[in-house]
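A structural walkthrough
Chain by chain, the residues run as shown.
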Amino acid sequence: MPEQPPMIAVAVRQSALLANGQRPEMMLPQVSPEILEQAMEVGDIAKMSPQVRVAYYIATCLSVGLNPYTRPFDLIEGDDGKVRQYPNKSAAEQIRKRDQISLPVVSRVKDGDLYIVTVRATTPSGREEEAQGIVALVKPIGQWKTAQSGKRYFDPAKDKEGQDIYQPLRGTELANALMKAETKAKRRATFGIAGLGFDEEPSGEPVNMDFATGEFKRLSEVVPSQERGTPVAQP
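Everything in this summary refers to the structure shown in the same document. Model, not experiment: these values are computed from the prediction. (Residues numbered from 1 in each chain as written. Predicted model: local features only at pLDDT ≥ 70, side-chain atom pairs only at ≥ 80, totals over all residues. Heavy atoms only, no water.)

**Here we look at the sheet that holds strand β5 (residues 128-136)**
Heads up, the condition is: At least two bridges found by DSSP between two strands is the condition for calling them paired. The helix count covers DSSP runs of H or I at least four residues long, the strand count covers runs of E at least two residues long, and both are numbered beginning at the N terminus. A fitted line through C-alpha atoms serves as each axis, taken over the contacting stretch for helices, and the angle formed by two N-to-C directions is quoted from 0 to 180°. The contact criterion used throughout is that any non-hydrogen atoms of two residues lie within 4.5 Å.
Taken in spatial order, the 3 strands line up as β3-β4-β5 in an open sheet, and their pairing is antiparallel. Every other strand in the sheet has two partners, leaving β3 (105-111) and β5 as the edge strands with one partner each. Geometrically, the sheet is characterised by an average inter-axis angle of 15 degrees between neighbouring strands, direction not taken into account. Looking at chain direction, strand β4 (residues 114-122) and β5 are connected through 9 bridges and run antiparallel. Its bridge partner lying in β5, I116 is registered against I134. Helix α5 (residues 171-193) rests against β3, β4 and β5 of the sheet, and its axis sits at about 150 degrees to β5.

Okay, here's the thing in structure tokens:
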């Protein structure tokens with residue numbers, strides 16, 4: 001069996017300890033605490049060296065007791081060009097299991113073009129916290145275009161008054177939106193009751209990171225935008 005790259009090996013060792021219910025010390029790749037501290041101050045993963053990116057990712061996972069080998073954080077490049085970490089479904093599931101959080105749905109309401117799900121998170125100690133997940137049941141009409149820089153962007157169609165034109169979601173897109181509202185509500189409730197101050201889900205382009213090298217590859221470089229399941233009409 002080929003030897004694993006050092007950064008992957010670290011994640012594997014940490015995962016084994018976490019799986020056994022232990023809270024391991026921070027065994028990171030050979031990156032000094034000073035460099036990690038500088039990386040945290042920068043906050044933009046894109047500006048970190050490849051090695052520091054992986055170390056920073058693992059350090060973030062371990063600081064909140066998550067298994068880094070399951071990749072509990074997604075990397076999102078925002079409109080400002082910064083790449084940030086956002087906890088995904090795996091992170092929420094690990095926290096729910098660890099803290100024995102139950103998440104009954106309180107209500108599901110359709111309010112105009114919005115669908116709102118309210119969830120109540122409870123713990124064995126009796127603590128409670130409610131959170132909502134809200135999604136739009138419409139999508140803008142328009143076209144994807146490419147700027148001179150090579151970056152793709154969405155150009156929405158406008159009506160006579162200069163307002164964006166929308167159309168209702170249907171079929172699979174509608175079903176996905178309804179499920180997303182419940183997922184968002186459960187995720188927000190989970191992070192809230194666990195005392196984790198994660199930001200709201202950012203908008204932007206997903207970025208894949210190779211854990212063996214720390215190099216980035218954007219999703220648009222792998223899958224064309226029209227095949228990403230985006231809820232945007234492209235007539």
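**Some words on the environment of D164**
Selection criterion: Only protein chains enter the accessibility calculation, which uses a 1.4 Å probe; a residue is then buried when its area is under 20% of its type maximum, exposed when over 50%, and partly exposed in between. We define a polar contact as two N or O atoms separated by no more than 3.5 Å, with the added condition that, inside protein, one atom must be a possible hydrogen donor and the other a possible acceptor, whereas residues neighbouring each other in sequence contribute only through side-chain atom pairs.
Here D164 lies in the loop between β8 (152-156) and β9 (166-168). A relative accessible area of 27% means that D164 is categorised as partly exposed. Contact partners of D164, with chain neighbours within four places excluded, come to P156, A157 and K158. Looking at D164, its side chain comes within polar contact range of the side chain of K158, at 2.4 Å.

**Quick notes on helix α4 (residues 89-99)**
All of the buried residues in α4 are S90, A91, A92 and I95. Looking at the packing, one finds that the buried side of α4 touches β2 (83-87) and α5. Regarding α4, its N-cap is N88, as a side-chain oxygen of that residue lies 3.1 Å from the backbone nitrogen of S90 further along.

**So, the nonpolar core**
One broad rule of soluble globular proteins: the nonpolar side chains tend to lie buried together. As a reminder of what qualifies: Put simply, buried Ala, Val, Leu, Ile, Met, Phe, Trp, Tyr and Cys residues joined by side-chain atoms within 4.5 Å make one nonpolar core.
Counting residues in hydrophobic clusters, the biggest one holds 38 residues, and the most contacted among them are I45, Y57, L66, L75, M209 and F216. Put simply, the parts of the chain that give this core at least two residues each are α3 (50-63), β1 (73-77), α4, β4, β5, α5 and β10 (205-209). The leading source of residues in this core is α3, at 7 residues. When near neighbours in sequence (up to four residues on either side) are disregarded, L75 contacts I45, Y57, V83, R84, Q85, E205, P206, V207, M209 and F216.

**Here we look at the pairing of β8**
Both strand β7 (residues 142-146) and β8 contribute to a ladder of 5 bridges, which runs antiparallel. Looking across to β8, one finds that K145 is bridged to Y153. Remark: 5 residues form the turn of the hairpin made by β7 and β8, two consecutive strands paired antiparallel; G150 in that turn has positive phi of roughly 95 degrees.

**Observations regarding the pattern of salt bridges**
The criterion, for reference: When a carboxyl oxygen of Asp or Glu is within 4 Å of a side-chain nitrogen of Lys or Arg, the pair counts as a salt bridge.
The full count for this structure, using the stated rule, is 8 salt bridges. Measuring nitrogen to oxygen at the nearest pair gives 3.0 Å for the salt bridge that ties R108 to E182. Of this pair, R108 sits in strand β3 while E182 sits in helix α5, and the two are 74 residues apart along the sequence. With its nearest N and O atoms 2.8 Å apart, the salt bridge here joins K139 to E173. With K139 in strand β6 (residues 138-140) and E173 in helix α5, the pair connects residues that are 34 residues apart, well separated along the chain. Assessed through its relative accessible area of 26%, E173 is described here as partly exposed. Three or more residues joined by partner-sharing salt bridges are found here, namely R108, E182 and K186.

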